Structures are given as C-alpha cells and as structure tokens.
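# Report on the structure
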Amino acid sequence: MSLRLGYGTNGLTDLRLGDALGLLADLGYEGVGLTLDHMHLDPLAPELPARTRKLGRRLNALGLDVTVETGARYVLDPTRKHGPSLLDPDPDARARRTELLVTAVRVAADLGAHAVHCFSGVTPDGTDDDTAWKRLGEALAPVLDAAAGAGVPLAIEPEPGHLLATLADFHRLREQLGDPEPLGLTLDIGHCQCLEPLTPAECVRAAAPWLRHVQIEDMRRGVHEHLPFGDGEIDFPPVLEALAATGYRGLTVVELPRHSHAGPEQARRSLEFLRPLIAGAASPLKGA
C-alpha cells in the first residue's frame, strides 16, 4: 500500500487557499493539511458552515483529502503565539482553546477529514506538573466528546517544549484519560529526530497502534527547526518503509511552516524527494 502525501497550508500562507489547493492538486499531492487560520479558513469569521461547504466542494473537485490542523500561531490572541493554550491558568482562556478545537472537529466532520490535529501547549510559568496534566485532561474532555460524536479522531501531537513533548507523554495522557477511543496520535517525524530516544523509524513502529496523522520534514538532533528534505539528518527510507508497513491510511503531510516565502517551490521539491522513496518503501509489500 502506497503512502498518501499532503502538504500543510501553514507552509503556503502567501497563497490564497484556492490557489494553494490548485497548486497541490496540479503537483500531484493526494491531500492537504488544512490549518484553520485567518488567511485561509478562518474559524472565527462569520458564516463558517457556508465557507466550509464551499471548501468541501473545492476539495472534492480537486480530488484532495484533508486533515484539519490547529497549530495557527495567533488565531485566538494576536499578541501570544499559540495562546491561550489548554494549560492557561485562566479557565475562561482554556475554554477558548477548547471551543476552537470543538469547532475544528465540526469542520473536519463537514469536510470528511480523517483527523483533527492538536497539541498541549507550553506549561505556564508557576504551574506545577500535576496541575498542568489535570488542566490538559479537563480541557480535552469536551473535544473528545465532540470527536466521538462526529466520528473523527483527535490526534494530539508531541511537540518539543510543550507539556506533551514525547511519545511517553502521549501514553501518560492516554492512560490518565482511560484510553478513550477517539484519542489518537499525530507523529511528526522531525520531532522524533529532534528529541525521542528511539530512531524515527522505531518511533513509527512504536506509535503504530495509535497513529492517526503524520507530519514529515527534515530535522537535526536537538534542534527544533523544520527543514527542507536533505537539509537535516533523517534517514528517510527506513522511516517510510516502517510507515508503509503499519498500514496507516491517513495523509503524510509535509510541514514547512517557515518556508511560505518559497512555498510553491518547496511543495514541488518535497514531492520530488519523497515520491521515489515512497515507491521504494511500498515495493517489498506489493510482493508480500
């Protein structure tokens, strides 16, 4: 089974959304990682259901699948990157982030998306570990309820520097919440290279039972910087072979959020880099 490639709209913010989708379809991508943000599908602007339906028609016409991503930097607060988070000391502020994620689940259901991505946020100064984990679980509860009702998995991402930073942290949350069925994992391959004790390929195999969304880019050990393919240290063939072997059916989305200034070129180069490797990763399985 061949992996299906997408490209994140957070790496195409200099393009109108319609133009970005057309570009990806023309290049040959199978899907898109759609970040809900003011420059594309604004989750806070009026008439969201009508705009979502229009977008769904566009995606269907182009033959693009979609994952809904929620990593917009300033969508809720123009002064605080990723603020407020699910860990904010102010319960009203935490509720705003929860509400955004519930909205993302509704958008995902309307678009037929295969998952909704999220992350925990950075632990605020003065907040102890137990309090932070308690806040995270409570803030996610309504989102998981919405995800269960919509039939769309919530895929939380271990993010360097956040409370939930590693695969081990994901399992802590999963066990804390009683292993809810809608809770899955977003695995960022670069983050595995950055800070996990396992290799990226080993991370894929370890994460396989909970894998609901995959992001991919190059990265160096100990440096959280999303890099174009070939600029980092990741050995990609074993990673893609491991991913193909899991039977994962979602999108594998290229994430280069700091390269929007060269987004169309990076989208083309990323596809040219990954496609031959994916073909090689899938070929042993075809004969199995």
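Here, the structure is the one placed above.
The structure reproduced in this document is the subject of the present report. (Residues numbered from 1 in each chain as written. Predicted model: local features only at pLDDT ≥ 70, side-chain atom pairs only at ≥ 80, totals over all residues. Heavy atoms only, no water.)

### Brief notes about the overall build of the protein chain
Heads up, the condition is: We count a stretch as a helix when DSSP gives it H or I for four or more residues in a row; a strand needs E for two or more, and each element gets its number in order from the N terminus. We compute the radius of gyration from the C-alpha atoms alone; for a globule the expected value is 2.2 Å times N to the 0.38, where N is the number of residues. Burial classes: relative accessible area under 20% of the type maximum marks a residue as buried, over 50% as exposed, and values in between as partly exposed (1.4 Å probe, protein chains only). By definition, residues are in contact when any of their heavy atoms lie within 4.5 Å. Per-residue accessibility takes into account occlusion by the displayed protein chains alone, with areas from the Shrake-Rupley method and a 1.4 Å probe.
Regarding its fold elements, the protein chain presents nine helices and ten strands. Rg of the C-alpha trace for the protein chain: 18 Å, near the compact-globule value of 19 Å for 288 residues, within the 12% margin. Dimensions of the protein chain, computed from C-alpha atoms along their principal axes, come out at roughly 50 × 45 × 35 Å. Per-residue burial for the protein chain yields a buried fraction of 56% across its 288 residues. Across the protein chain, every contact between residues at least 6 apart in sequence was considered, and the portion connecting residues at least 24 apart equals 75%. Summed over its atoms, the accessible surface of the protein chain is roughly 12,100 Å², and 50% of this surface lies on carbon and sulfur atoms.

### Comments concerning the side chain of glutamine 266
Here glutamine 266 is to be found in helix α9 (residues 263-286). Residues in contact with glutamine 266, not counting those within four places in the same chain, are Tyr7, Pro228, Leu256 and His259.

### Remarks on the state of the cysteines
Put simply, the test is: We call a pair of cysteine sulfur atoms a disulfide whenever their separation is within 2.5 Å.
Applying the stated criterion across every chain yields a total of zero disulfides. Between cysteine 192, a free cysteine, and cysteine 203, which holds the nearest cysteine sulfur, the sulfur-to-sulfur gap is 3.6 Å. Between cysteine 194, a cysteine without a disulfide, and cysteine 192, which holds the nearest cysteine sulfur, the sulfur-to-sulfur distance is 9.9 Å. Relative accessible area serves as the criterion here: at 7%, cysteine 194 is assigned to the buried category.

### A short note on the nonpolar core
Note the cut-off: Put simply, buried Ala, Val, Leu, Ile, Met, Phe, Trp, Tyr and Cys residues joined by side-chain atoms within 4.5 Å make one nonpolar core.
Grouped together as the largest cluster of nonpolar side chains are 77 residues, with contacts concentrated most on Val68, Leu136, Leu140 and Leu187. In terms of residues, this core owes the most to one element, helix α4 (residues 129-150), which gives eight residues. For leucine 136, the residues in contact, after removing those within four places along its chain, are Leu86, Leu87, Ser120, Leu163, Leu164 and Leu173.

### Looking at the pairing of strand β6 (residues 183-188)
Inclusion rule: Only strands that DSSP links by at least two bridges are regarded as paired with each other. Looking down the strands as they point away from you, a crossover is right-handed if its path from the first strand over the helix to the second goes clockwise.
Across the six residues of β6, six count as buried, placing the element largely inside the fold. Summarising the sheet, strand β5 (residues 154-156) and β6 pair through three bridges and their orientation is parallel. Counted as the bridge partner of leucine 154 is leucine 183 from β6. In this fold, the crossover linking β5 to β6 by way of helix α5 (residues 167-176) has right-handed handedness.

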